[in-house]
Amino acid sequence: MKVILISDVENIGVVGDVKDVKNGMARNYLFPRKLAIKATEANLKAWKSRIEAIRLRKTEVLENAKEFAEKLEGLEISIPAKAGEGDRLFGSVTSQNISDALGEKGFEISRRDILLDGTLKELGTYTVALKLHTDVTQQITVNVVKEEEQQ
C-alpha cells in the first residue's frame, strides 16, 4: 500500500515521503498513530504544499540547533558536590544537576537532552554530550569539584 508519511518514522522515511509499505504496517501502525495517510491523488495534492512548509521549518530548526551548538562549544561548567575520602561523592551528580548548572549560565537544556551514562559519583572532569536535535550533538566539559564546607 502506498502511503504519505506525515511524521518522521524511523527505518521507513521522513515527512513527505511516499512509501510502499505492507498493508498490515499501514493499517495497524502508521494510520492509528497518525504517522501516515493513504497516498491517493487528492491526498498527494493536498499535502504537497504542507510538506514543503514542514521541510522548511525542519531545516530552520536544524540550523538553530547548529547555531546553539556553536555557542556551547568549549563550554565548561563546575558543579560543587560534597565528597568524602577517595574523592567519592555523598550522592551523585545527575543530568538534572547539569541542567540546572547550564540554566545558571543562561543555557536552557532539558535533563532529557543530556546524554549521561548513569550518574557521576566521583570528583573529576567529565565530557558530557548534549542532544540538541536528532542530528546535532554537542560535547561540554563538566567539572565536579569539592564543595567548600560552610562554617
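How each quantity is defined
- Residues numbered from 1 in each chain as written.
- Predicted model: local features only at pLDDT ≥ 70, side-chain atom pairs only at ≥ 80, totals over all residues.
- Heavy atoms only, no water.
- Salt bridge = Lys/Arg side-chain N within 4 Å of Asp/Glu carboxyl O.
- Helix = DSSP H or I, 4+ residues; strand = E, 2+ residues; numbered from the N terminus.
- Buried < 20%, exposed > 50% of the residue type's maximum accessible area, 1.4 Å probe, protein only.
- Pairing = 2+ DSSP bridges.
- Axes fitted to C-alpha atoms, helices over the stretch in contact; angles between N-to-C directions.
- Arc of directions from axis to C-beta.
- Contact = heavy atoms within 4.5 Å.
- Patch = residues over 30% accessible without salt bridge, like charges linked within 9 Å, V, L, I, M, F, W, Y side chains within 5 Å.
- Areas by Shrake-Rupley, 256 points an atom, 1.4 Å probe, with all protein chains shown as cover.
- Lys, Arg positive; Asp, Glu negative; His and termini not counted.
- Charge placed at Lys NZ, Arg CZ, Asp CG, Glu CD.
- Polar contact = N/O pair within 3.5 Å; in protein donor to acceptor, adjacent residues only side chain to side chain.
- Core = buried A, V, L, I, M, F, W, Y, C linked by side-chain atoms within 4.5 Å.

Trainee: An account of the pattern of salt bridges is needed here, citing residue identities and associated values.
Mentor: Summed over all chains, the structure comprises 3 salt bridges. The residue R55 makes a salt bridge to D17 at a minimum N-O spacing of 3.4 Å. Within this pair, whereas R55 is found in helix α2 (residues 41-72), its partner D17 is found in the loop between β1 (2-5) and β2 (18-20), the two being separated by 38 residues in sequence. For R55, a relative accessible area of 34% translates into the label partly exposed.

Trainee: Which residues make up the sheet that holds β1, and what values go with them?
Mentor: Ordered in space as β2-β1-β3, the 3 strands form an open sheet in which the pairing is antiparallel. At either end of the open sheet lies a strand with only one pairing partner, and these are β2 and β3 (36-38). Neighbour to neighbour, the strand axes of the sheet diverge by 40 degrees on average, direction disregarded.

Trainee: Summarise the sheet that holds strand β6 (residues 114-115); cite the residues concerned and give the values.
Mentor: As summarised here, the arrangement of the 4 strands in space is β4-β9-β8-β6, forming an open sheet in which the pairing is mixed. Looking at strand neighbours, the two that pair on one side only are β4 (76-81) and β6, the edges of this open sheet. Note that β4 and strand β9 (residues 136-146) share 6 bridges and pair parallel. In the strand pairing of β9, I77 is matched with V142.

Trainee: Explain helix α3 (residues 95-104) to me, and be specific about the residues and the numbers.
Mentor: Taken together, the buried positions of α3 are S95, I98, S99, A101 and L102. Down the axis of α3, the buried set is contained in an arc of 165 degrees. They therefore lie on one face. Tucked into the core, α3 has its buried residues touching β4, β5 (88-93), β6, β8 (124-133) and β9. Directly after α3, the chain includes G106, whose backbone phi takes a positive value near 95 degrees.

Trainee: If you had to explain the side chain of S95 to someone new, which residues and values would you point to?
Mentor: Residue position: S95 is located in helix α3. In this view, S95 contacts R111, I114 and L116; residues no more than four positions away in its chain are not counted.

Trainee: Could you give me a rundown of a negative patch on the surface, with the residues and numbers involved?
Mentor: Together, E63, E67, E70 and E73 give the surface a local cluster of negative charge. By the element assignment, E67 lies in helix α2.

Trainee: Any details on the side chain of D17? Residues and values, ideally.
Mentor: Within the local environment of D17, its side chain forms a polar contact with the side chain of R55, the two groups lying 3.4 Å apart. The contacts of D17, once residues within four sequence positions are left out, are V3, I4, L5 and R55.

Trainee: Tell me what's going on with the nonpolar core, and back it up with residues and numbers.
Mentor: Ranked by internal contacts, the top residues of the largest apolar core, which has 22 residues, are I77, I98, L102, I140 and V142. Among the elements of the structure, β4, β5, α3, β8 and β9 are those that each provide at least two residues to this core. Those residues in contact with L102 that sit more than four places away from it in its chain are L75, I77, F107, I109, I114, L130 and I140. Counting 9 residues, the second-largest nonpolar core is a separate cluster that includes V3, V9, A26 and L35.

Trainee: Any chance you could break down the pairing of β9 for me, citing the residues and the numbers?
Mentor: Direction of pairing for β8 relative to β9: antiparallel, over a ladder of 9 bridges. Opposite A129, over in β9, you have Q139 as the bridge partner. Taking the residues between adjacent antiparallel strands as the criterion, β8 and β9 are bridged by 2 residues.

Purely spatial values, then, with no claim about function.
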